[in-house]
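Residue strings, one per chain:
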Amino acid sequence: MRWKNTSTHYGAVTKMFHWLVFLIFANQYIVAFAMLGIEQHETALGGFRQGTLYNWHKSIGLIALLVILFRYTWRKTTRLPNWAETLTRTERRIIHWYERILYIAMFIMPISGYLYVMAGNYGVHFFSRVHLPNPIPQSEILAALARWTHIGTAWLILIVLAVHVGLVLKHQLIQRDGLLRRMLPFV
Ligand code: HEM
Ligand code: HEM
């Protein structure tokens, strides 16, 4: 198994980060919509109370920031494989842009979430065990700005990901050039 990317293949570390972030984001969206869809006394996702879901979403979200920092550092310090030959020039331009947007959005999500709950004085009860210190003075304006940034970026990510996944699936299923295999683990 190769750890690092080569000119023709993604290595194990890049693949691990790609799919770990995918799982974390899937978790964040599912838990967010569950916690926002119920009242305080109700439960969702197999019996979890709203407060527990909020604590889980905030805690995993903060861990996501660390993972994303490592991922970005890895990306900036290792080479990328050459473009897949079957990608057209327009597709390469589109990929170039959506990768930038995705990396920026990956940072905006946890940071805006943190600013929202800290400036709004809701705090973070880390995995329902430890109350994290709040270094940010209470500010209704900052909390509102951060909240709308969090919500807006969440929807932007869904749109950009639809383009990303659509492009990969078009190559995989219509052109049948095996583009997906480049990122699959154990391949
Ligand atoms: C990778 C990180 C994160 C992702 C992908 C994510 C995703 C989401 C999504 C999809 C929503 C629902 C947005 C909507 O209403 O349409 C949401 C809401 C929320 N998130 Fe996050 N989140 C992340 C990190 C965080 C962090 C670190 C915190 C706080 C420490 C946080 C706190 C919240 C709160 C409080 C809400 C409810 C907002 C409201 O009242 O409408 N999130 N998040
Ligand atoms: C949270 C969800 C996702 C994010 C943020 C994301 C982001 C990225 C990024 C930034 C890259 C460039 C390589 C890198 O820097 O790691 C990439 C490559 C890739 N992604 Fe995703 N991705 C996501 C989900 C998916 C899904 C669901 C699929 C499967 C359909 C997929 C398939 C691929 C493939 C095949 C490549 C390699 C393309 C190439 O040959 O260069 N991704 N992704």
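From a predicted model like this one, the values you see are computed outputs, not experimental measurements.

Trainee: I'd love a proper account of the overall build of the chain, names of residues and values included.
Mentor: From N to C terminus, the chain includes four helices and four strands. If you list the helices and strands of the chain from N to C, you get α-β-β-α-α-β-β-α. When its C-alpha atoms are laid out on the principal axes, the chain stretches across 50 × 35 × 30 Å. Expressed as a percentage of the 187 residues in the chain, the buried residues total 14%. A separation of at least 24 residues holds for 63% of the contacts in the chain among residues at least 6 apart in sequence.

Trainee: Could you give an account of the site of ligand 2, naming the residues involved and the relevant values?
Mentor: Ligand 2 sits among 17 residues. The nearest are F22, F25, V168, R182 and M183. Ranked by the residues each element gives to the shell around ligand 2, the list is headed by helix α1 (residues 12-36), at five residues. Residues that form the shell around ligand 2 fall into these classes: eleven nonpolar, three polar and three charged.

Trainee: How would you sum up the nonpolar core? Please name residues and give values.
Mentor: Membership of the largest hydrophobic core is limited to six residues, which are Y116, V117, M118, A119, V124 and A146. The element contributing the most residues to this core is helix α3 (residues 89-119), with four residues. Dropping the residues within four chain positions of it, V124 is found in contact with K58, L62, V117 and L132.

Trainee: A description of the site of ligand 1 should follow, citing residues and the corresponding values.
Mentor: If you check the shell around ligand 1, you find 21 residues, and the closest are Q28, A32, K58, G61 and G113. Put simply, the parts of the chain that give the shell around ligand 1 at least two residues each are α1, α2 (50-77), α3 and α4 (140-175). A total of six residues in the shell around ligand 1 trace back to one element, the largest contributor, which is α3. When its residues are assigned to classes, the shell around ligand 1 shows 14 nonpolar, five polar and two charged.

Definitions and limits used
Residues numbered from 1 in each chain as written. Chains lettered and ligands numbered in written order. Predicted model: local features only at pLDDT ≥ 70, side-chain atom pairs only at ≥ 80, totals over all residues. Helix = DSSP H or I, 4+ residues; strand = E, 2+ residues; numbered from the N terminus. Buried ≥ 20, exposed ≤ 12 C-beta atoms within 10 Å, placed from the backbone. Contact = placed C-beta atoms within 7 Å. Near = placed C-beta within 6 Å. Nonpolar A, V, L, I, M, F, W, Y, C, P; charged D, E, K, R; others polar. Core = buried A, V, L, I, M, F, W, Y, C linked by C-beta atoms within 7 Å.

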